[in-house]
Amino acid sequence: GQQVMQIPQYQHVQEGEDFTTYCNSSTTLSNIQWYKQRPGGHPVFLIQLVKSGEVKKQKRLTFQFGEAKKNSSLHITATQTTDVGTYFCAAGGSNYKLTFGKGTLLTVNP
Amino acid sequence: SQTIHQWPATLVQPVGSPLSLECTVEGTSNPNLYWYRQAAGRGLQLLFYSIGIDQISSEVPQNLSASRPQDRQFILSSKKLLLSDSGFYLCAWTRTGNTEAFFGQGTRLTVV
């Protein structure tokens, strides 16, 4: 079945540093989504990328979808303590199956 | 607006006891419904998904089952819980044709 590999598993940064998490698939994806889960909470949708090479920005967050639609990244500029949580990528399939990566846990030292 | 309800929020059950977790969605029709499990500090494992009433796809063979008796109701069950069934269970829904998922608050299950 469809799988997405996400790295790194953990990332600890000092407040103000940048952060990037990567998502890779061996197959071409129809779309990729990103979610954030705060500690003790549930995943919350951030964004969906559909087009090859697509780049979207949300304030300090930049999302990219690779040209081959097999990889994606989430970059946070100048992290803040409010960015703490686990960031997941998720691959949507034509059969509506939604498969999540294992997530990257971000901790930020103030 | 659409809302998703999942209950209970926490549950402690003895090994060998049955399980029933319920999830309902309001404000939409014919949603795609999902059950995920998240072990402590781990990723989201897809357990079941459903694109319609009585249409259930199982992703992981185990002692859990799912049912969808009504369009907006999704139930996760077990006849006999195992210790390894402990975890955070999340219900989610998506619109047909749009895979942006909306999650319930989750049920934290501890099997003792």
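The shown structure was predicted, so the numbers you read here are calculated from the model rather than taken from an experiment. The residue numbers shown here count from 1 along each chain, following its written sequence. As they are written, the chains are lettered A onward and the ligands numbered 1 onward, keeping that order. Selection of residues for local features in this predicted model requires a pLDDT of at least 70, selection of side-chain atom pairs for listing and counting requires 80 or more, and totals for whole chains, interfaces and linings are taken over all residues. Only hydrogens and water are set aside; all other atoms, that is, all heavy atoms of the structure, feed into the side-chain values.

How do you make sense of the overall build of chain A when you look at a structure like this?
Scanning chain A from terminus to terminus reveals 0 helices and 11 strands. A run of DSSP states H or I qualifies as a helix once it reaches four residues; a run of E qualifies as a strand once it reaches two. Both are numbered from the N-terminal end. Listing the helices and strands of chain A from first to last along the sequence gives β-β-β-β-β-β-β-β-β-β-β. Atoms counted for the radius of gyration: C-alpha only. Globule rule: 2.2 Å times residue count to the power 0.38. For chain A, whose C-alpha radius of gyration is 13 Å, the value lies close to the compact-globule estimate of 13 Å for 110 residues. Taken along the three principal axes of its C-alpha coordinates, chain A extends 40 × 25 × 20 Å.

Could you clarify how one ought to interpret the overall build of chain B in this entry?
Within chain B, the secondary structure is distributed over 0 helices and 11 strands. For chain B, the spread of C-alpha atoms along the principal axes amounts to about 40 × 25 × 20 Å. Three exposure classes are used, based on accessible area relative to the maximum for each residue type with a 1.4 Å probe and protein chains only: buried under 20%, partly exposed in between, and exposed over 50%. Here chain B, with 112 residues, has 49% of them falling under the buried criterion. For chain B, the accessible area works out to roughly 5200 Å², and carbon and sulfur atoms hold 52% of it. When the 8 positive and 7 negative side-chain charges of chain B are each reduced to one mean point, those points stand 7 Å apart. In short, Shrake-Rupley with a 1.4 Å probe defines the accessible areas, and a residue's cover is counted only from the protein chains shown. Charge convention: Lys and Arg are scored as positive, Asp and Glu as negative, and His as well as the terminal groups of each chain are ignored. We put the charge of a Lys on NZ, of an Arg on CZ, of an Asp on CG and of a Glu on CD.

Would you take a moment to explain the state of the cysteines for this structure?
Think of a disulfide as a covalent bridge from one cysteine sulfur atom to another cysteine sulfur atom. Here, two cysteine sulfur atoms that lie within 2.5 Å of each other are counted as a disulfide. Inspection of the entire model under this criterion finds 2 disulfides over all chains. The disulfide partner of C23 of chain A is C89 of chain A, and the S-S distance across this bridge is 2.0 Å. The disulfide joining C23 of chain A to C89 of chain A has a torsion of about 70° about its S-S bond and is therefore right-handed. With C23 of chain A in strand β3 (residues 19-25) and C89 of chain A in strand β9 (residues 85-92), this pair connects stretches of sequence that are 66 residues apart. Here C23 of chain B pairs with C91 of chain B through a disulfide, and the sulfurs are 2.0 Å apart. Judged by the sign of its S-S torsion, about -75°, the bond between C23 of chain B and C91 of chain B is left-handed.

Is there a simple way to think about the interface of chain A and chain B in this case?
Often, the extent of an interface is quoted as the loss of accessible area on bringing the components together. Contact residues are listed per partner, giving 19 residues for chain A and 23 residues for chain B. Just to be clear on terms, a salt bridge is a Lys or Arg side-chain nitrogen sitting within 4 Å of an Asp or Glu carboxyl oxygen. The interface formed by chain A and chain B holds 1 salt bridge in total. The salt bridge partner of K97 of chain A is E59 of chain B, with a shortest N-O separation of 2.8 Å. Polar contact is defined as a pair of N or O atoms within 3.5 Å, subject to the rule that within protein one atom must be able to donate a hydrogen and the other to accept it, and that residues adjacent in sequence are counted only when both atoms are side-chain atoms. Summed over the shared surface of chain A and chain B, the number is 4 residue pairs in polar contact (both at pLDDT 80 or more). Contacts are residue-level and defined by heavy atoms, with any inter-residue pair within 4.5 Å sufficient.

Explain the pattern of salt bridges to me, please; I cannot follow it from the model alone.
Opposite charge on two side chains lets them pair, provided their charged atoms get close. All names here are of chain A. With the rule as written, the count across this model stands at 5 salt bridges over all chains. For K56, the salt bridge is made with E54, and the minimal N-O distance between the two is 3.6 Å. We classify K56 as partly exposed; its relative accessible area is 30%. Since its relative accessible area comes to 15%, E54 is described here as buried.

Just checking my understanding: could you explain the packing of aromatic side chains for this structure?
Geometrically, a pair of aromatic rings is defined through the distance of the ring centres and the angle of the planes. Two rings from Phe, Tyr or Trp (for Trp, the six-membered ring) form a pair when their centres are within 6.5 Å of each other. A pair whose planes differ by under 30 degrees is stacked, one over 60 is edge-to-face, and the rest are tilted. Applying the stated criterion across every chain yields a total of 12 aromatic pairs over all chains. With centroids separated by 5.8 Å and ring planes inclined at 70°, the aromatic side chains of F100 of chain A and F103 of chain B adopt a geometry described as edge-to-face. You can see F100 of chain A sitting in strand β10 (residues 98-100) and its partner F103 of chain B sitting in strand β10 (residues 98-103), one on each of two chains. Taking the relative accessible area as the measure of exposure, F100 of chain A reaches 7% and is therefore buried.

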